[in-house]
Amino acid sequence: MEQQPYEGAGARVLVVDDDPTVAEVVSGYLDRAGYVVDRAGDGPDALARAAAHWPDLVVLDLMLPGMDGLEVCRRMRGRGPVPVIMLTARGDEDDRILGLEVGADDYVTKPFSPRELVLRVESVLRRARPAQPSGTLRAAGLTLDPAARRAAKHGIELALTVREFDLLAFFLRHPGRVFSREDLMREVWGWDFGDLSTVTVHVRRLRGKVEDDPARPRLIQTVWGVGYRFDTAADDEG
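Residues numbered from 1 in each chain as written. Predicted model: local features only at pLDDT ≥ 70, side-chain atom pairs only at ≥ 80, totals over all residues. Heavy atoms only, no water.

### Quick notes on the packing of aromatic side chains
A ring pair, where both rings are aromatic, is described by two values, the distance of the centres and the angle of the planes.
Next, step 1: In the structure shown here, the tally under the stated rule is two aromatic pairs.
Next, step 2: Ring centres of Phe170 and Phe179 lie 4.7 Å apart, and the angle between their planes is 65 degrees; on these two criteria the pair is classed as edge-to-face. Each of the two residues, Phe170 as well as Phe179, counts as buried.
Next, step 3: Ring centres 6.4 Å apart and planes at 20 degrees place the aromatic pair Phe171 and Phe230 in the stacked group. Remark: Phe230 occurs in strand β12 (residues 227–230) and Phe171 occurs in helix α6 (residues 162–173); sequence separation between them is 59 residues.
Next, step 4: Given a relative accessible area of 0%, Phe171 falls into the buried group.
Next, step 5: With a relative accessible area of 0%, Phe230 lands in the buried category.
Next, step 6: Taking NZ or CZ as reference, Arg32 lies 4.7 Å from the ring centre of Tyr29, over its face. (Phe/Tyr/Trp six-rings, centres within 6.5 Å; stacked < 30°, edge-to-face > 60°. Buried < 20%, exposed > 50% of the residue type's maximum accessible area, 1.4 Å probe, protein only. Helix = DSSP H or I, 4+ residues; strand = E, 2+ residues; numbered from the N terminus. Lys NZ or Arg CZ within 6 Å of the ring centre and 35° of its normal.)

Below, the structure is given as structure tokens:
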């Protein structure tokens, strides 16, 4: 039976990996899923290809020769918003967190299932698309337009990654409620399993963009032993 294209098929995906075998396998699976695939073997090549044809998503190896994946991610983010799924051969948590800190939306640790990677690409792209109009969300000086996928604080636009935007939208839709990291992984990432440090890092990054003092957060409160709560009471303070 012919494989049916995944939702989001037709999007352009840039695969960046210096291992030709990995790049070929990943590209093959994405191509069969209906995506338009570009390939690059190092950082400068990836940046050049992105400049020529801006991708809808990047699958990016962390350990590239010369310019590593973290620097490639930083430079791409400097040119414009683009979802990034980081690949790493290491199981060390510090490497995964580094990728998330520079703005990766998801990561996959080698060795991985190509089918799982395709599903993650589909998931990230689905959440990156403009949502159906559902009304502007406002609280504590924040304004978020789900349809346009734009957010601002006191009228100044925020540079949010795909997951940061989704996380903020979820908090704004559920003010005052406490959610565990497992809840947020399921509701925002769409996964019933995964490394919960992903949630922790994204909460920290989001606080850095929406809080007046990220070291003393007033909006995204930690409820010790439980999870996080978006506190609309901060709207009435100060």
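### Observations concerning the sheet that holds strand β8 (residues 150–153)
Next, step 1: Spatial ordering of the open sheet is given by β6-β7-β8-β9, a layout of four strands whose pairing is antiparallel. Edge positions in the open sheet fall to β6 (137–139) and β9 (156–157), since each of these has one partner strand only.
Next, step 2: On top of the sheet, α6 reaches β6, β7 (142–145) and β8; it is set at about 110 degrees to β7, its chief contact. (Pairing = 2+ DSSP bridges. Contact = heavy atoms within 4.5 Å. Axes fitted to C-alpha atoms, helices over the stretch in contact; angles between N-to-C directions.)

### Looking at helix α2 (residues 43–52)
Next, step 1: Those residues of α2 lying buried are Gly43, Ala46, Leu47 and Ala50. Mapping the buried residues of α2 onto a view down its axis gives an arc of 95 degrees, with all of them on the same face.
Next, step 2: Buried residues along α2 sit against β1 (12–16), β2 (36–40) and α3 (69–79).
Next, step 3: Of the residues that open α2, the one with a side-chain oxygen 2.9 Å from the backbone nitrogen of Asp45 is Asp42. (Arc of directions from axis to C-beta. Polar contact = N/O pair within 3.5 Å; in protein donor to acceptor, adjacent residues only side chain to side chain.)

### Quick look at the side chain of Arg205
Next, step 1: Tracing the backbone through its elements, the reader meets Arg205 in helix α8 (residues 197–210).
Next, step 2: If we ignore the near neighbours within four places in the chain, the residues touching Arg205 are Leu100, Glu101, Val102, Gly103, Thr161 and Glu164.

### Describing the sheet that holds β12
Within a sheet, adjacent strands bond to each other through the backbone by hydrogen bonds, running parallel or antiparallel.
Next, step 1: In space, the three strands of this open sheet follow the order β10-β12-β11, with antiparallel pairing throughout. Every interior strand has two partners, whereas the edge strands, β10 (178–179) and β11 (220–223), have only one.
Next, step 2: Judged from the four bridges that link them, β11 and β12 form a sheet pairing that is antiparallel. Paired with Val223 across the two strands is Gly227, which belongs to β12.

### A look at the packing of helix α7 (residues 181–189) against α8
Next, step 1: For the pair α7 and α8, the least separation of the axes is 9 Å and the interaxial angle reads 80 degrees. With respect to α8, the element α7 is oriented roughly perpendicular. Within the contact between the two elements, α7 uses Arg181, Leu184, Met185 and Trp189 and α8 uses Ser197, Thr198, Val199, Thr200 and His202. (Parallel < 35°, antiparallel > 145°, perpendicular 65-115°, else oblique.)

### Some thoughts on the side chain of Asp38
Next, step 1: The topology assignment puts Asp38 in strand β2.
Next, step 2: Of the polar contacts made by the side chain of Asp38, one reaches the side chain of Arg12; its length is 2.9 Å.
Next, step 3: The residues contacting Asp38, other than those within four sequence positions of it, are Arg12, Val13, Leu14, Val15 and His53.

### Quick word on unusual backbone geometry
Next, step 1: Here the bond from Lys110 into Pro111 is cis, since omega is -5 degrees, no more than 30 degrees from zero.
Next, step 2: Along the chain, the position of Pro111 falls in the loop between β5 (106–109) and α5 (114–128).
Next, step 3: The phi dihedral of His154 falls on the positive side, at around 50 degrees, and the residue is not glycine.
Next, step 4: With respect to the helices and strands, the residue His154 is situated in the loop between β8 and β9.
Next, step 5: Judged by its relative accessible area of 58%, His154 falls in the exposed class.

### Observations regarding the nonpolar core
Next, step 1: Counting residues in hydrophobic clusters, the biggest one holds 29 residues, and the most contacted among them are Leu168, Leu184 and Ile220.
Next, step 2: For this core, the secondary structure elements donating two or more residues are β6, β7, α6, α7, α8 and β12.
Next, step 3: In terms of residue count, α6 provides more of this core than any other element does, seven residues in total.
Next, step 4: One finds Leu60, Leu70, Met86 and Val102 within the second-largest nonpolar core, a separate group that totals 24 residues. (Core = buried A, V, L, I, M, F, W, Y, C linked by side-chain atoms within 4.5 Å.)

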